[in-house]
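# Descriptive analysis of the structure
The lines below spell out each chain.
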Amino acid sequence: MNPTTMNLGRIDAWIAHLAEETDVVAHSDDLTRYLTTLSRFWSYSVRNCYLILAQRPTATRVASRKTWESLGRTVKPGEWRQAIQILCPHFKKGHDEITGEETQDLIRFSTGYVYDVAQTDGEPLPEVPWRQTPGFDDLYGWLVAATRRLGLTVAEYDDLEEGVHGWSNGRGVIAVSTRDLTGSRCQTLLHEVAHELCHDRRARLSVSRQMVECQAEAISYCLCQALGIPTPNTPSYLVLYRIDKAILMANLEAIRAGVARVLCEMNRASLHGTAAA
Ligand SMILES: [Zn+2]
């Protein structure tokens, strides 16, 4: 398995295929259910996030009793008195005298009560079906060694938050979850290497998160195609960031350049010295 044999000319075909797959996944029942559920949770103001964290630092998903009931869950009997208090804004509708446009004026706040998912019982919430890929131990070892020779730090963790497969900080540190099987770890590592090589901290601030994720995931997808690593989760990942065919195609240049960059650097690193620990 030699990455130098990768055919960069195939990138366009891979991306076109990925765009089709992403479109199909975007309409799958599982993802639709997941996204619909997510949209039921309020998006809280900064002040309310602070209030929620101050009262229940472990909170993950928070909603009112009514919303929980609409999702088939009820607040546990012992938790009624432990409601998290937030501020609910009340607006009054009016009209702008000059433009005639409808306006909304904040008139007061009232106290609202919400509960964390851990305070409720009932139907499980839909999750993104994330598939694991086994059997790529040697390749994973090679990729970790090449990444380290690029001067990047690879840290392996067995306690990353549920659903987090890895991260990178834009300053050369990459984390990978060892709870994932090695094939999945290879893709996570390539995704994070793409971030580190193509998105420095300034780029991360000036380019939208959606574009940055689109590029990193598509770059890792192409590299995995070339290395023969299955990528069952990429279409779902893109859909979660609301990335569709048009966005993928609009990023084709950046993806092509990213694949070439990561490939070049990894090859250069692999030519220098033997695998590091
Ligand atoms: Zn990312």
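Refer to the structure presented above.
Below is a summary of the structure that appears in this document. Since the model is a prediction, treat every value here as computed from it, not as a measurement.

This next bit is on the sheet that holds strand 8 (residues 173-177). The strand order 6-8-7 describes an open sheet built from three strands, whose pairing is mixed. Here the strands that pair on one side only, and so sit at the sheet edges, are strand 6 (153-157) and strand 7 (166-168). Strand-to-strand twist in this sheet, taken as the mean axis angle between neighbours without regard to direction, amounts to 15 degrees. Taken together, the three bridges between strand 7 and strand 8 define a ladder with antiparallel strand orientation. Across the sheet, residue S168 finds its bridge partner in strand 8, namely I174.

What follows covers the pairing of strand 8. Strand residues, when the strand is regular, have side chains that alternate between the two faces of the sheet. Every second residue of strand 8 is oriented toward a common face, the buried set being I174 and V176 and the non-buried set V173, A175 and S177. Taken together, strand 7 and the strand that follows it, strand 8, pair antiparallel across an intervening segment of four residues, in which G170 is found at a positive phi of about 80 degrees.

This paragraph deals with the sheet that holds strand 1 (residues 62-63). Pairing is antiparallel across the open sheet formed by three strands, whose spatial order is 1-4-3. Each edge of the open sheet is held by one strand with a lone partner, namely strand 1 and strand 3 (84-95). By the bridge criterion, two bridges tie strand 1 to strand 4 (residues 102-116) in an arrangement that is antiparallel. Bridge assignment links V62 to a residue of strand 4, and that residue is D116.

Now for the pairing of strand 4. Bridge analysis of strand 3 against strand 4 gives twelve bridges, and the strand direction is antiparallel. From the neighbouring strand, P89 faces strand 4, where its bridge partner is F109. Taken together, strand 3 and the strand that follows it, strand 4, pair antiparallel across an intervening segment of six residues, in which G100 is found at a positive phi of about 80 degrees.

So, on to the packing of helix 5 (residues 137-149) against helix 6 (residues 182-198). The interhelical angle for the contact between helix 5 and helix 6, taken along N-to-C directions, is 25 degrees, at an axis separation of 8 Å. Judged by the angle between their axes, helix 5 and helix 6 are roughly parallel. Here helix 5 runs over helix 6; the crossing is left-handed. Only T182, R185, C186, L189, L190 and V193 of helix 6 make contact with helix 5, whose side of the interface consists of D137, L139, Y140, L143, V144 and T147.

Here is what the cut-offs are and how they apply
- Residues numbered from 1 in each chain as written.
- Predicted model: local features only at pLDDT ≥ 70, side-chain atom pairs only at ≥ 80, totals over all residues.
- Pairing = 2+ DSSP bridges.
- Helix = DSSP H or I, 4+ residues; strand = E, 2+ residues; numbered from the N terminus.
- Axes fitted to C-alpha atoms, helices over the stretch in contact; angles between N-to-C directions.
- Buried ≥ 20, exposed ≤ 12 C-beta atoms within 10 Å, placed from the backbone.
- Parallel < 35°, antiparallel > 145°, perpendicular 65-115°, else oblique.
- Left-handed = near helix turned anticlockwise from the far one by under 90°.
- Contact = placed C-beta atoms within 7 Å.

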